[in-house]
Structure formats: structure tokens, C-alpha cells
Amino acid sequence: MSRWRAWAWALLGVAATTALFARFGELRPGFAWLGAVVLAPWLAAVDRTRSARGALALGALLSVTFTASVFGWFPGAIAAYSRAPLWLCWGVFLLIAPVLELQFLSAAWIRGYARRKVGDGPRLAWVPPVLTALVYVGTEWFTPKLFAETLGLGLYTSEVLRQGADVAGAPGLTLGLLLVNECVVAVGQGLVARRGLRLVPVALAVVLSLLGFGYGHLRLGQVRAAVRSAPGLVVGAVQANITNIEKRAAEQGTYAVVRDILDTHYAMSDALLNSGPLDLLVWPETVYPTTFGTPKSEDGGALDEEIRAWVAERGVPLVFGTYDLDGEREFNAAMFLGPSATGELAQSAYRKTMLFPLTEWVPDAVDSPTLRAWMPWTGRWKRGPGPRLMDFRLNGGRVLKVAPLICYEALFPGYVAEEVRQGAELLLTLSNDSWFSGTPAPRQHLMHAAFRSIETRTPQVRVTNSGITALIDPTGAWTSELEDNQRSSVVMHVPASERLNPLAGAWGDWLGPVALALAAVLGGWLRFRA
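Because the structure is a prediction, the values reported are computed rather than measured.

**Digging into the overall build of the protein**
- Tallying secondary structure elements over the protein gives 18 helices and 12 strands in all.
- Here the C-alpha atoms of the protein give a radius of gyration of 25 Å, agreeing with the 24 Å that 2.2 N^0.38 yields for 530 residues.
- For the C-alpha atoms alone, the extent of the protein along its principal axes is close to 80 × 55 × 40 Å.
- Here the protein, with 530 residues, has 52% of them falling under the buried criterion.

In C-alpha cells, the structure reads:
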């Protein structure tokens, strides 16, 4: 085969996998099966290369095309936020794609290396596929990923298969899909080479599929049996769809905008309270876009007291997003206002720890006046102390153990698992997805949050300013959904359930380091075997 023809086949493999990724990433019901073949064209293309440089090139190319097809909404959102040229945002985003999706490069390199070491003999034919899968999963664990994405997340649309995430999280589903893809590649290569149908990879793919569906059906029944029919908590959620706050503040003045935000949330909350009794009211992230409890002006102090008086008069606890100030350090926070043991109104704050790079937080090591001059849109929040359980008193004296999450934090399995291990009964997520309204991002973010409920088997109340607000049950199903770019409010009946202790909740994101260790052992054996 000529060199140019070989590269044509290689590029066709990358294009086919990119197209499958774009479809698989839409999270449409009925397309979960694409995960079984999505990487097969690219893996087959890597197998056609005869050099480490060629394999790395295919990995880098897929990282760019994958980033553009699945996260193509991101450069536009950053351009709108930073007011930087769209072409510049696209250029930087694609330039760093190989770093953000390093698993494609590492998997391609180790695959080529392993194939050269084992040769064409059948005895060790299993080594390259297994090593590829382990390195892929391990690389995803230790490299920086803005969106914490992994192949297994695409199985959310299968109610049965997604239940397997309570063993090793979404990376566990990824490992299973990678092995099935390897079976597809082996079968296809056998047919192309006219060696007939290879029964071993067919049998392995069937066994893996049966294990996934069997465990999913079993676990789904167990989780549903653990959920009680009577609600354990009644929550009112407000999604006012008030966006572009900074722009409006520049045009109308900050006080006028905050006044409008509060009046809108008061009115929508009163409508919920008039519909029936509530245990808790929740407003979204940074809905009160200034510091609470440490006012920066007389007007700010008056608004703080107004919120306290409103909560006290209604007699219903409130959780809302705001800023928290400690000296000169400012935090993105969730404020809890509710009754104390003495009957007075008590307040406590949870400070967001996992901040989005640059837009929310700049590490002290690189922060400088020069950086701020070049990128004036960079955030100035500081990081909170880490995973923290909140004991929140409700009316009647009941203490609700809450695992608070603010926006980006819902992407990190280990962070959420640590809060649940402290005894949380409820995941409470406040988010602001308005920068990505009208794109696939709000639904992708909601899907990430749903996996946290599957991994920990803990119900979740998720409230956003512009969508998607939803109640997520321990099976990962979402209900009481308020769509993107919609102003509405909803009453959520949170189910009470028996405490389940899944492996993913107890151990967190454990598969990544285990996969790396196994890959090191297998790779070392391959390197030094006689």
C-alpha cells in the first residue's frame, strides 16, 4: 500500500470516529449503542500506522476534531464572556486540544509500541488492546480536562447501562466500551484479512454486554426498592432566567439590577409558597451578585436585612448563591438561612472550591498586574476549603445533612463522593449556565450532575438561573425539569431512600490510578520479557 493511500485510510478513520463522536455526544435516547463502535475506525487506523510518530499524529488529530465536534459551543461562549475575537478563542481552544484530550495521544502511542513488541503472533494479541484501554482510562484520570468528559458519559441515555457507574464511575463504563470497541476492531480486521469470523472477540463482546445489562437491571431494581414512595423533602426551586447581569448593571446601575433580581425571586417564591407548604426554598448560583453579611455599602446592608426579614416572615429556610467575604478574600458561595436551635434566624456559608480556570480563578503563582491588564475579564474569587457537609436546620427542628455543590464542582466525582462519605442525605447544586444558553452545554452539565447521583446513590436538587433546573433521583433519572432559557419555578418532591453504599461512592474516582498501575505492570513486563 502506498504511503498516500495509507494516510487516506488513516484520515478516513479519524473522520468516521469524529462523526460518531458528534452523534454519540448529543445524548439522544436510542443512540447509546454508538459507544460500542465509536472508536473502532480510529483504532483500526492507528493499527495501520507503522511508526510512533504516525500514531501520535493520529492521536493529536483526533483530539482536535473531537474537541471541535463535541465542544464547539465553548469558543463562542468564551468570546462573549471575554470580548476576545472569536477566531482567537477558536485558535487557542484547538491549540490546547491535544493537552486536554491527551488520552488519544497516549493510547495511540502505547498501542503502536505494544504491537511492535508482540508482533503478529496470536499468543499475545490481547496485550495491545488491553494496554490501550488501561492507558486511555489512566490518562484521563491524571491529565487536566476542562469538562471532565469521558466516553462512558454517553451511556447516560441507557437507563440500564448507566447504573454500572456506581462501581467505578463513568470511567468504569468507558473501560467497558473500550474493550467492546476492541472486539469490533478484531472482528473487522479478521473479515478484511479473509480469516473468517473471529469467535473469541465476538464472545467477549457478548459477555461484556450481558454483564453490563445484567448488572444494570439488578442494580436498578435494588435502587428503586430502596426509594420510598412518600417524599422525604419538599423543595421549591426558582429559575428566573435573569441573565447578562454585568451588562445590565453597566447600563442601569447595580442597585437597580439587584432590586429587580430580588423582587422577581420574592414574587416567584411567594407563588410557590401559596401552592402548598415547603421544607426549603432554593435560588441559583450568584443570584445575589454581591457580598452577603459583609456589605460593601449602606444599600448592600439594607438589602441583606431585607432578605433576612423576608425569610423570617415566610418561615421557610432559604439557600441562595451569593459572594462571601473574608478580609480581602472573596468567595463564590452558597448562603444557608434557616432557624437555629434557639429559634432565631441562623446563617452559614459554603464556599466554592473547584473554580473554573481564568474566568473564576487565577492561581497565585501566575497572577500579576500584567496578566490582569492583558485579560481584564479573569476572575478574582479564591478557592474554598474543600468538600464540606452542611448541617442545615429545617422548621420543626429536623437537621438536613446537605452536600453543597456550586456549578463546576458537579463535574468532579471524588469531590462529591467525599461530601457524601461525610453523611450527606441530599446533593444540592446551584449553577449558572447562562453563558452557554442555547447550546448543548446545559444538558451536558445536567448529565454530569446526574452521574454524581448514580455514583453515590443520593438524590440531588439542581437549581440554575436559566436552565436546566431538575430533581435527580438515585437512579440518575431527572424530573421536575425546567428547560434552558425558561422562566419558571417548580416544587420538587425529593424521595427518601435507604442508605446504599456503592463502591464509587465509597472509593471515589479509584479506577484511574488502578488502571495506570496495571498498565505500568503490563508495559514493564512487555518491555523486559525475554
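**Overview of the pairing of strand β7 (residues 399-406)**
- Burial analysis of β7 places 6 of its 8 residues in the buried class, which makes it a mostly covered element.
- The pairing of strand β6 (residues 390-393) with β7 spans 4 bridges and is classified as antiparallel. In the sheet register, Phe392 faces β7, and the bridge partner there is Leu400.
- Counting the residues in the hairpin turn of β6 and β7 gives 5 residues, including Gly396, whose phi is positive at 95°.
- Crossover connection from β7 via helix α15 (residues 413-421) to parallel strand β8 (residues 426-431): handedness right-handed.

**Regarding the nonpolar core**
- Formed by 77 residues in total, the largest nonpolar core has its most connected members in Leu39, Trp42 and Phe451.
- Ignoring sequence-local partners within four residues, the contact set of Leu39 consists of Thr17, Phe21, Leu62, Phe104, Tyr136, Leu151, Leu178 and Asn181.
- Leu233, Phe392, Val402 and Val416 belong to the second-largest nonpolar core, a separate cluster that totals 35 residues.

**Things to note about the pairing of strand β9 (residues 460-464)**
- Burial analysis of β9 places 5 of its 5 residues in the buried class, the great majority of the element.
- By the alternation rule, side chains of β9 split into Gln460, Arg462 and Thr464 and Val461 and Val463, which are all buried.
- Bridge count for β9 against strand β10 (residues 469-472) is 3 bridges, and the pairing is antiparallel. Along β10, the bridge assignment pairs Gln460 with Ile472.
- Where β9 folds back on β10, the antiparallel hairpin that results is connected by 4 residues, among which Gly467 adopts a positive phi of roughly 110°.

**Some details on the sheet that holds β10**
- Strand order in this open sheet of 6 strands is β6-β7-β8-β9-β10-β11, and the pairing throughout is mixed. The open sheet has two edge strands, β6 and β11 (478-482), and neither has a second partner. Taking the axes of each pair of neighbouring strands and ignoring which way they run, one obtains an average angle of 25° across the sheet.
- α15 rests against β7 and β8 of the sheet, and its axis sits at about 170° to β7.
- Relative to the sheet, helix α16 (residues 441-456) contacts β8, β9, β10 and β11, its axis offset from that of β9 by approximately 160°.

What counts, and where the lines are drawn
Residue numbering note: each chain is counted from 1, following its sequence as written. Where totals are concerned, whole chains, interfaces and linings use all residues; where local detail is concerned, this predicted model gives features only for residues with pLDDT of at least 70, and gives and counts side-chain atom pairs only at 80 or more. Values shown for side chains rest on all heavy atoms present in the structure; no hydrogens or waters enter the calculation. In DSSP terms, a helix is any run of H or I states spanning at least four residues, a strand is any run of E spanning at least two, and both are numbered starting from the N terminus. Radius of gyration: over C-alpha atoms. The globule rule applied is 2.2 Å multiplied by the number of residues raised to the 0.38 power. To sort residues, take the accessible area from a 1.4 Å probe on protein chains only and compare it with the maximum for the residue type: under 20% means buried, over 50% means exposed, and anything in between is partly exposed. By this definition, two strands are paired if DSSP reports at least two bridges between them. If you view a crossover with the strands going away from you and the path from the first strand over the helix to the second runs clockwise, you call it right-handed. Each nonpolar core is a collection of buried residues, namely Ala, Val, Leu, Ile, Met, Phe, Trp, Tyr and Cys, held together in the definition by side-chain atoms within 4.5 Å. Contact definition: two residues touch when any of their heavy atoms are within 4.5 Å. Helix axes are fitted to C-alpha atoms over the stretch in contact, other axes to C-alpha atoms as well, and angles between N-to-C directions run from 0 to 180 degrees.

By themselves, these are just geometric observations and shouldn't be taken as functional.
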